[in-house]
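# Summary of structural features
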Amino acid sequence: MNHPLLSLREGPVARLRLNRPALHNAFDAVLIAALTGALEAVGHDDSVRVVVLEGDGASFSAGADLNWMRGMAAASEAANRDDALALARLMRTLDELPKPTVARVHGAAFGGGVGLVACCDIAIGAPEAKFGLTESKLGLLPAVISPYVIEAIGARQARRWFATAEIFDADTALAIGLLHAVVPADQLDAAVQRQIDLLLKAGPVAAAQAKALVRRVAAHGDRDRHDADNADLIARLRVSPEGQEGLGAFLDKRKPAWIP
């Protein structure tokens, strides 16, 4: 069995590559744990100056794995809360990583994949990339990733995309602030490398501390409370009648009951 995450080194650059291409790098508990552990490791590695997050195959990350979703739909609220807290730990670890991070985005970036993009300091995408916060189609919400997505795109945009679950393109992602740049697919690696080169030219401490400075200036609310409240919310939604109907309809490939 292939490892779900590849950790590659190019001198001071660590590339963390989601490695479930047959499943469009969809999340499950194993991938979440592997990526969290890899981020914690590079965060403590003084030889790492820049971290690139990317996906193997046709997509960056298409959200949650179907088998994982099926298992969580049948699990208790307490198990769903623990599961949600594991995802919250991943997002927060990436968001607070004491290294500059670059997302190389191509193909699908849905659900938690959007969360990963939002947590990275710099996000560069190909024109063919597609994005979606599709949880409301299942009677759920992108609760765990919401602090990071809202910070990236703003509350006004989030209210639309969270509610409609509409798929949007790379130009829209650029316009709303999820991406910093969109470049032709054959120039994506060069554009990512340009950001790496710029980061490597900056002072290591300055580059690493930039996000901490921004966070301190823009700080509001209790982040621990956010994580706990959002995990409670998604756990309740997953086991609620609407959540069960939405997940069941999705897995059964039928319309949920609230669609005429």
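Not measured: the values here are computed from a predicted model.

### Some words on the layout of surface pockets
Its boundaries defined by the atoms lining it, the largest pocket holds a volume of some 710 Å³. Every residue lining the largest pocket is counted, 34 residues in all, and those nearest its centre are Ala62, Gly63, Ala64, Met69 and Leu138. For the lining of the largest pocket, the elements supplying multiple residues, two or more each, are helix 2 (66-73), helix 3 (77-95), helix 10 (223-239) and helix 11 (241-252). With 6 residues, the top contributor of residues to the lining of the largest pocket is helix 2. When grouped by side-chain class, the residues that make up the lining of the largest pocket number 23 nonpolar, 7 polar and 4 charged.

### Some thoughts on the nonpolar core
By size, the foremost hydrophobic cluster in this structure holds 61 residues, and its most contacted members are Phe27, Leu35, Leu53, Val105, Leu116, Phe131 and Leu178. The residues touching Phe131, leaving out its near neighbours within four places in the chain, are Val105, Ala109, Phe110, Glu166, Ile167, Phe168, Asp169, Ala170, Ala173, Leu178 and Leu179. Among the nonpolar cores identified, the runner-up in size contains 13 residues, and Val13, Leu188, Ala191 and Val192 belong to it.

### Some words on unusual backbone geometry
With the exception of glycine, the majority of residues adopt a negative phi angle, and the majority of peptide bonds are in the trans configuration. We note that Ala165 has phi near 60 degrees; this positive angle belongs to a residue other than glycine. Mapping Ala165 onto the fold places it in the loop between helix 6 (155-164) and strand 8 (167-169). Here the phi dihedral of Lys253 falls at roughly 60 degrees; this positive angle occurs in a residue that is not glycine. Here Lys253 is to be found in the segment after helix 11. Since its relative accessible area comes to 73%, Lys253 is described here as exposed.

### Structural notes on the pattern of salt bridges
Scanning all chains against the criterion turns up 21 salt bridges. Across the pair Arg160 and Glu166 runs a salt bridge whose closest N-O atoms are separated by 3.1 Å. Among the residues examined, Glu166 registers a relative accessible area of 35% and is labelled partly exposed. A salt bridge links Asp252 to Arg254, with the shortest nitrogen-to-oxygen separation between them at 3.6 Å. Through salt bridges with shared partners, a single ionic network connects Arg92, Asp95, Glu96, Arg215, Arg223, Asp224 and Asp227.

### Observations concerning the sheet that holds strand 7 (residues 130-132)
Read from one edge to the other, the open sheet built from 3 strands follows the order 5-7-8, with strand pairing classed as mixed. With partners counted over all chains shown, the strands left at the sheet margins are strand 5 (108-110) and strand 8, one partner each. Strand-to-strand, the axes of this sheet are offset by a mean angle of 25 degrees, without reference to chain direction. For strand 7 and strand 8, the ladder comprises 3 bridges, and the chain directions are antiparallel. Residue pairing for strand 8: Phe131 is matched across the bridge by Phe168. Helix 4 (residues 112-119) rests against strand 5 and strand 7 of the sheet, and its axis sits at about 95 degrees to strand 5.

### As for helix 4
Among the 8 residues that make up helix 4, 8 are buried, leaving the element largely enclosed by the rest of the structure. For helix 4, the complete set of buried residues consists of Gly112, Gly113, Val114, Gly115, Leu116, Val117, Ala118 and Cys119.

### Points about helix 9 (residues 204-218)
With 15 residues, helix 9 extends 22 Å from end C-alpha to end C-alpha; this agrees with the ideal 21 Å at 1.5 Å per step. At Ala210, helix 9 shows its largest bend, some 40 degrees. Of the positions making up helix 9, those classed as buried are Ala207, Ala208, Lys211 and Ala212. Elements that come into contact with the buried residues of helix 9 comprise helix 3, strand 4 (101-105) and helix 8 (188-201).

### What to know about the sheet that holds strand 2 (residues 13-18)
One open sheet accounts for 6 strands, arranged 1-2-3-4-6-9; its pairing is mixed. Two strands lie at the open edges of the sheet, namely strand 1 (5-10) and strand 9 (181-182), each paired on one side alone. Across 4 bridges, strand 4 lies against strand 6 (residues 122-125) in parallel orientation. Within strand 6, the position partnered with Ala103 by the bridge is Ala123. Of the strands in this sheet, strand 2, strand 3 (50-55), strand 4 and strand 6 touch helix 4, which is tilted by about 140 degrees from strand 4.

Rules behind the numbers
Residues numbered from 1 in each chain as written. Predicted model: local features only at pLDDT ≥ 70, side-chain atom pairs only at ≥ 80, totals over all residues. Heavy atoms only, no water. 1 Å grid on protein atoms, 1.4 Å probe; cavity = no way out; pocket = protein on both sides within 12 Å on 5 of 7 lines; lining within 4 Å. Points joined across faces, edges and corners; volume = space filled by probe spheres on them. Helix = DSSP H or I, 4+ residues; strand = E, 2+ residues; numbered from the N terminus. Nonpolar A, V, L, I, M, F, W, Y, C, P; charged D, E, K, R; others polar. Core = buried A, V, L, I, M, F, W, Y, C linked by side-chain atoms within 4.5 Å. Buried < 20%, exposed > 50% of the residue type's maximum accessible area, 1.4 Å probe, protein only. Contact = heavy atoms within 4.5 Å. Salt bridge = Lys/Arg side-chain N within 4 Å of Asp/Glu carboxyl O. Pairing = 2+ DSSP bridges. Axes fitted to C-alpha atoms, helices over the stretch in contact; angles between N-to-C directions. Expected span 1.5 Å × (residues − 1). Bend = angle between axes of the 7 residues up to and from the residue.

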